[in-house]
Amino acid sequence: MTGKGIGQATIRDVAREADVSVASVSRVFNRLPNVRPELKERVEQAARKLNYVPHAGARNLSMARTGAIGVVLPDLHGEFFSEMLRGMEREAALRQRHLLLSNMHLDIGHGIEALRNMRGRVDGLIVMAPHMNLDELFAHLPPSIPAVLLNCQDNGQGRPELRVDNVAGARAMVRHLLDCGRRAIVHIEGPAGNIEAADRSRGYAEAMEAAGLQPVMLPGNFDEESGHRAVARLQADQIDVDAIFAANDMMAIGALVALRDMGVDVPSQVAVAGFDNIPLARLISPGLTTMAVDIADMGARGINRLVALIDGEAVPQMELRQPGLIIRTSSQLSAA
């Protein structure tokens with residue numbers, strides 16, 4: 001059975017080639033009355049040129065679709081991606097779509113294979129690849145495939161994107177820590193090559209330099225273990241610190257655990273802050289100060305945008321989302 005999927009011409013491609021509306025193409029293929037012969041000839045000629053084959057059993061455009069949306073993420077585990085998928089699944093259910101999930105890990109080859117495995121099985125794609133070259137990834141797909149990008153590197157795809165303003169968020173967090181009287185603020189970075197990590201490091205460094213302070217950055221990998229290792233290095237190298245700003249919440253939680261194990265009080269001796277506002281951030285003790293991204297809503301917005309694209313609607317090219325500061329006990333002493 002032939003259906004609309006990755007790598008095949010779509011009814012929208014035929015409409016573009018014939019310079020007519022999608023509705024006109026649909027009327028031709030559904031053999032509806034009142035179709036002008038010249039319109040029929042133009043549409044059929046475009047379809048032949050593109051090797052477009054309508055769904056054998058289709059009576060309307062919707063029946064030529066799979067009803068599936070492909071979601072390709074760096075990982076499917078952890079609180080961040082669980083929240084992202086929760087928002088996606090909620091919105092997809094409301095729109096009577098289902099999700100086909102794939103994990104691309106850290107390798108461009110895995111990403112290309114993930115897209116290839118969805119060929120013919122989905123109507124469009126949500127891609128989150130902050131660590132990959134999108135132009136290389138999408139070089140294996142025709143540009144007509146509907147796709148929405150989440151927090152990806154700068155690219156030449158011209159596809160709708162949703163991004164978090166990570167630079168502004170990091171600046172805001174440093175300003176908060178400065179307002180709390182902290183001056184020796186150390187940043188635990190995310191993985192090298194990840195655009196979100198790079199932007200958060202840049203925002204941190206800019207805010208520190210604007211305050212006349214020296215940035216101090218330690219390597220991390222967006223996981224709890226690397227946060228723990230960074231604190232161990234602070235102690236081993238005797239680095240002066242009165243605040244730790246980790247590039248995500250899991251590293252901040254790892255730092256909190258390490259400080260507790262060392263007998264360092266948070267926040268009276270060292271303040272700790274993260275980024276993302278995963279659910280665990282409000283459940284731990286002390287509660288973690290962080291930048292809220294509204295992860296689930298971002299996932300839902302991605303699905304919303306993609307369904308509109310699949311339906312032939314125009315959507316904004318870029319949505320830059322501003323994270324919000326959430327102040328909890330880890331950075332600020334309670335009032336006496």
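Since the structure is predicted, the reported quantities are computational estimates derived from the model, not experimental observations.

### A closer look at the pairing of strand β4 (residues 147–150)
Part 1 of the argument: The two faces of β4 match: A147 and L149 on one face and V148 and L150 on the other face are all buried.
Part 2 of the argument: Two elements, β4 and strand β5 (residues 161–164), share 2 bridges in a ladder whose sense is parallel. For L149, the partnering residue across the bridge sits in β5 and is E161.

### Describing helix α5 (residues 108–117)
Part 1 of the argument: Those residues of α5 lying buried are G111, I112, A114 and L115. With its buried residues spanning 155° around the axis, α5 presents them on a single face.
Part 2 of the argument: Looking at the buried positions of α5, the neighbouring elements they touch are β1 (68–73), β2 (98–103), β3 (125–128) and α6 (134–138).

### Considerations on the nonpolar core
Part 1 of the argument: Within the largest apolar cluster, 67 residues are counted, with the highest numbers of intra-cluster contacts made by M88, I126, I185, I244 and F245.
Part 2 of the argument: Broken down by element, this core gets its largest block of residues, 8 residues, from helix α12 (residues 295–310).
Part 3 of the argument: In terms of nonpolar packing, the next biggest core, distinct from the first, is built from 20 residues, L115, M118, A129 and F138 among them.

### Structural notes on the sheet that holds strand β8 (residues 243–246)
Part 1 of the argument: Across the sheet, which stays open at both edges, the 4 strands sit in the order β7-β6-β8-β9 with parallel pairing between neighbours. Whereas interior strands pair on both sides, the edge strands pair on one side only; in this sheet they are β7 (216–218) and β9 (271–273). Going from strand to strand, the sheet's axes swing by 20° on average, the running direction of each strand aside.
Part 2 of the argument: Helix-sheet contacts for helix α8 (residues 195–210) involve β6 (185–188), β7 and β8, and the interaxial angle to β6 is about 165°.

### A closer look at the packing of aromatic side chains
Part 1 of the argument: Scanning all chains against the criterion turns up 1 aromatic pair.
Part 2 of the argument: Ring geometry for F80 versus F81: centroids 5.2 Å apart, planes at 85°, classification edge-to-face. Neither F80 nor F81 differs from the other in exposure class; each is buried.
Part 3 of the argument: The ring centre of F275 lies 3.8 Å from the NZ or CZ of R200, which sits over that ring.

The rules we used
Residue positions are given per chain, counting from 1 as you read along its sequence in written order. Given that this is a predicted model, residues contribute local features only at a pLDDT of at least 70 and side-chain atom pairs are listed and counted only at 80 or more, while totals for whole chains, interfaces and linings are drawn from all residues. Hydrogens and water molecules were not included; the side-chain quantities draw on all heavy atoms of the structure. Here's how the labels work: a residue is buried when its accessible area is under 20% of the maximum for its type, exposed when over 50%, partly exposed in between, all with a 1.4 Å probe on protein chains only. Put simply, DSSP marks the helices as runs of H or I at least four residues long and the strands as runs of E at least two long, and each gets a number from the N terminus on. Whether two strands pair comes down to DSSP finding at least two bridges between them. The reported arc concerns the directions from the helix axis to the C-beta atoms and nothing else. Residues count as neighbours in contact if any of their non-hydrogen atoms are within 4.5 Å of one another. Side-chain atoms within 4.5 Å are what join buried Ala, Val, Leu, Ile, Met, Phe, Trp, Tyr and Cys residues into a set we call a nonpolar core. The axes are straight lines fitted to the C-alpha atoms, using for helices just the contacting stretch, and the angles between their N-to-C directions are given from 0 to 180°. Within 6.5 Å between ring centres, the rings of Phe, Tyr and Trp (the latter by its six-membered ring) count as paired, and their orientation is classed by plane angle as stacked under 30 degrees, edge-to-face over 60, tilted in between. A ring has a charge above it when a Lys NZ or an Arg CZ is no more than 6 Å from the ring centre and no more than 35 degrees off the ring normal.

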